[in-house]
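# Chains, contacts and geometry: an overview
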Amino acid sequence: MLFRIGVSFEGKYDELLTRIVHPQEIAEDRGWIAVELDLAPYVGKQVSLIFNTGSGLQGDNRENDFAVWGAPSLFGRAQ
């Protein structure tokens, strides 16, 4: 599975994360994977966060694919 996170703003799209997850072959990919992204470049701007999944970078094999995003959260840092 391919997981992607990006930001859309002012007619542009910035890809922030591209991650291949292969639980059939990689034991560490068999649970929730925490991800932290720095959104500081977008402070004060109205943006859309885009969460996307796909079958992977090599071909279009969707056999046994099941993608889930779990409770995305935004946190601010104290000044």
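Above this text is the structure in question.
Before going into details, it helps to say that this report is about the structure given with it. (Residues numbered from 1 in each chain as written. Predicted model: local features only at pLDDT ≥ 70, side-chain atom pairs only at ≥ 80, totals over all residues. Heavy atoms only, no water.)

### Concerning unusual backbone geometry
So the rule is basically this: Secondary structure elements are defined from DSSP: runs of H or I of at least 4 residues count as helices, runs of E of at least 2 residues count as strands, and each element is numbered from the N terminus. The classification of residues rests on relative accessible area computed with a 1.4 Å probe and restricted to protein chains. Under 20% of the type maximum is buried, over 50% is exposed, and intermediate values are partly exposed.
Positive phi is not limited to glycine here, since Glu10 has a value of about 50°. Mapped onto the secondary structure, Glu10 falls in the loop between strand S1 (2-9) and strand S2 (12-20). Of note, Ala71 is a non-glycine position whose phi angle comes to about 50°, a positive value. Overall, Ala71 belongs to the exposed group, its relative accessible area being 66%.

### A closer look at the side chain of Asp29
Keep this limit in mind: The contact criterion used throughout is that any non-hydrogen atoms of two residues lie within 4.5 Å.
You can see Asp29 is positioned in the loop between S2 and strand S3 (48-54). On the basis of relative accessibility, which here comes to 7%, the residue Asp29 falls in the buried class. Beyond its immediate sequence surroundings of up to four residues, Asp29 is in contact with Arg19, Ile20, Val21, His22 and Pro23.

### Digging into a nonpolar patch on the surface
Inclusion rule: Excluding any residue in a salt bridge, patches collect residues exceeding 30% relative accessible area, merging like charges within 9 Å and nonpolar Val, Leu, Ile, Met, Phe, Trp and Tyr side chains within 5 Å. The Shrake-Rupley method, run with a 1.4 Å probe, gives the accessible areas here. Residue values count only the displayed protein chains as cover. What counts as a salt bridge is simple: a side-chain nitrogen of Lys or Arg found within 4 Å of a carboxyl oxygen of Asp or Glu.
On the surface, Val47, Leu49, Phe51, Trp69 and Leu74 cluster together into a nonpolar patch covering about 420 Å² of accessible area. Tracing the backbone through its elements, the reader meets Trp69 in the segment after S3.

### Considerations on the packing of aromatic side chains
For clarity, the threshold we go by: Whether two aromatic rings pair depends on their centres lying within 6.5 Å, for rings of Phe, Tyr and Trp, where Trp uses its six-membered ring; planes under 30 degrees apart make the pair stacked, over 60 edge-to-face, and the rest tilted.
As enumerated under the stated definition, the model contains three aromatic pairs in all. Judged by centre distance (5.1 Å) and plane angle (85°), the rings of Phe3 and Trp69 are edge-to-face. Of this pair, Phe3 sits in strand S1 while Trp69 sits in the segment after S3, and the two are 66 residues apart along the sequence. Exposure remark for Trp69: the relative accessible area of 30% places this residue in the partly exposed category. Ring geometry for Phe9 and Tyr42: centres 5.3 Å apart, planes at 75°, overall edge-to-face. Here Phe9, found in strand S1, pairs with Tyr42, found in the loop between S2 and S3; they are 33 residues apart in sequence, far enough to count as distant. Since its relative accessible area comes to 7%, Phe9 is described here as buried.

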